[in-house]
Amino acid sequence: MKVIHKKSQNEYSVLGTAKNCTNGSNDGQVMVLYEREGQKFVREEKEFWEKFETK
């Protein structure tokens with residue numbers, strides 16, 4: 001799926017979701033895995049959809 005960053009207008013590809021398995025307060029948190037120009041990123045799902053929109 002293609003998404004656009006609302007502020008920068010850069011286009012990214014969503015690769016899927018991942019579960020945060022750290023032993024802390026974020027354990028179990030759903031993260032979105034996305035990329036641009038071969039570089040991969042993760043962001044908490046709620047925050048991701050606040051900053052991105054589908055193309």
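A quick note: this is a predicted structure, and the numbers were derived from the prediction, not measured. (Residues numbered from 1 in each chain as written. Predicted model: local features only at pLDDT ≥ 70, side-chain atom pairs only at ≥ 80, totals over all residues. Heavy atoms only, no water.)

A few words now on the side chain of Ser13. As for its placement among the helices and strands, Ser13 is situated in strand E2 (residues 11–19). Using a relative accessible area of 17% as the deciding quantity, one classes Ser13 as buried. Residue contacts for Ser13: discarding those within four places in its chain leaves Met1, Lys2, Leu33, Tyr34 and Glu35. (Helix = DSSP H or I, 4+ residues; strand = E, 2+ residues; numbered from the N terminus. Buried < 20%, exposed > 50% of the residue type's maximum accessible area, 1.4 Å probe, protein only. Contact = heavy atoms within 4.5 Å.)

Here the focus is the environment of Tyr12. The topology assignment puts Tyr12 in strand E2. Separated by 18 residues in sequence, Tyr12 and Val30 place their C-alpha atoms 18 Å apart. Look past the residues within four positions of Tyr12 in its chain and what remains in contact with it is Met1, Lys2, Val3, His5, Tyr34, Glu35, Arg36, Phe41 and Phe52.

By themselves, these are just geometric observations and shouldn't be taken as functional.
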